[in-house]
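For reference, the chains in residue letters:
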Amino acid sequence: MRRIVSTIVLVAGLSLLTGCAMFGHSYTKPDIALANVEMLKANLWEQSFRLRLRVDNPNDRSLPIRGMRYEIYLNDARLATGLSDSRFNVPAYGSEYFELNVRSNLWRHVGDIVRLIENQQAVDYRIEGHIRTGLFFSPTLKLREEGTLDPADLSF
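Residues numbered from 1 in each chain as written. Predicted model: local features only at pLDDT ≥ 70, side-chain atom pairs only at ≥ 80, totals over all residues. Heavy atoms only, no water.

S.K.: Before we go on, may I ask you to explain the overall build of the chain in this structure?
M.R.: The helix and strand tally for the chain stands at two helices and nine strands. Along the chain, from the amino end to the carboxyl end, the secondary structure elements read α-β-β-β-β-β-β-β-α-β-β. When each of the 156 residues of the chain is scored for burial, the buried share is 35%. When contacts within the chain are restricted to residue pairs at least 6 apart in sequence, long-range pairs at least 24 apart make up 65% of them. For the chain, the accessible area works out to roughly 10,200 Å², and carbon and sulfur atoms hold 54% of it. (Helix = DSSP H or I, 4+ residues; strand = E, 2+ residues; numbered from the N terminus. Buried < 20%, exposed > 50% of the residue type's maximum accessible area, 1.4 Å probe, protein only. Contact = heavy atoms within 4.5 Å. Areas by Shrake-Rupley, 256 points an atom, 1.4 Å probe, with all protein chains shown as cover.)

Structure, rendered in structure tokens:
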């Protein structure tokens, strides 16, 4: 009887280790780029934007995206923070687009931003956060994307 119990415990332990290895895939960090910014609505107290992001997967297997936490900066001024529960898969060695609807209060920065846009000056942006890649034991990937937006290329 003792031998049977030991065998069951050993098999269960090995199954758990196999399960951890199966769910604990490590991924090479995907490249994330800002593809477009669209202003949805704006009033004195709140502005709504739609950000279109592209995720490039350099891995040899599909990359499941199960949500993210992010902070968005324009010229080092924090524009917005938030969470997204977008769920999609990026194919192996492929790309996928997704959109974030962002609300912000730019009131304290509106003068600076209007001057930049009127003068057609480029605006630096930075997106930071974490991407959740799956269930239970799946890794969370760090997100950091930065670049420059040309006001002539933006949709308003």
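S.K.: What should I look at first to understand the nonpolar core in this one?
M.R.: One broad trend across soluble globular proteins is that nonpolar side chains are buried collectively. One finds Leu34, Leu100 and Ile127 to be the most contacted residues of the largest nonpolar core, which totals 28 residues. Once you skip the residues sitting within four places of it in the chain, Leu34 turns out to touch Leu51, Arg52, Leu53, Tyr125, Ile127, Glu145 and Leu149. (Core = buried A, V, L, I, M, F, W, Y, C linked by side-chain atoms within 4.5 Å.)

S.K.: Hey, could you run me through the packing of aromatic side chains in this one?
M.R.: The geometry of an aromatic ring pair is captured by the separation of the ring centres together with the interplanar angle, meaning the angle of the planes. Within this structure, the stated rule accounts for one aromatic pair. Centroid distance Phe88 to Phe98: 5.0 Å. Interplanar angle 35°. Geometry classified as tilted. Of the two residues, Phe88 is situated in strand E6 (residues 88-90) and Phe98 in strand E7 (residues 95-104); the sequence distance between them amounts to ten residues. Comparing Phe88 with Phe98, the two get one shared label, buried. (Phe/Tyr/Trp six-rings, centres within 6.5 Å; stacked < 30°, edge-to-face > 60°.)

S.K.: What should I look at first to understand the side chain of Glu145 in this one?
M.R.: Within the secondary structure, Glu145 is located in strand E9 (residues 140-149). Within the buried core, Glu145 has no salt-bridge partner, and the shortest N-O distance to an opposite charge, that of Lys29, equals 6.8 Å. Within the structure, the side chain of Glu145 is placed 3.1 Å from the side chain of Tyr125, a separation counted as a polar contact. Excluding anything up to four places from it in sequence, Glu145 contacts Ile32, Ala33, Leu34, Tyr125, Arg126 and Ile127. (Lys, Arg positive; Asp, Glu negative; His and termini not counted. Salt bridge = Lys/Arg side-chain N within 4 Å of Asp/Glu carboxyl O. Polar contact = N/O pair within 3.5 Å; in protein donor to acceptor, adjacent residues only side chain to side chain.)

In short, shape yes, function no, at least from these values alone.
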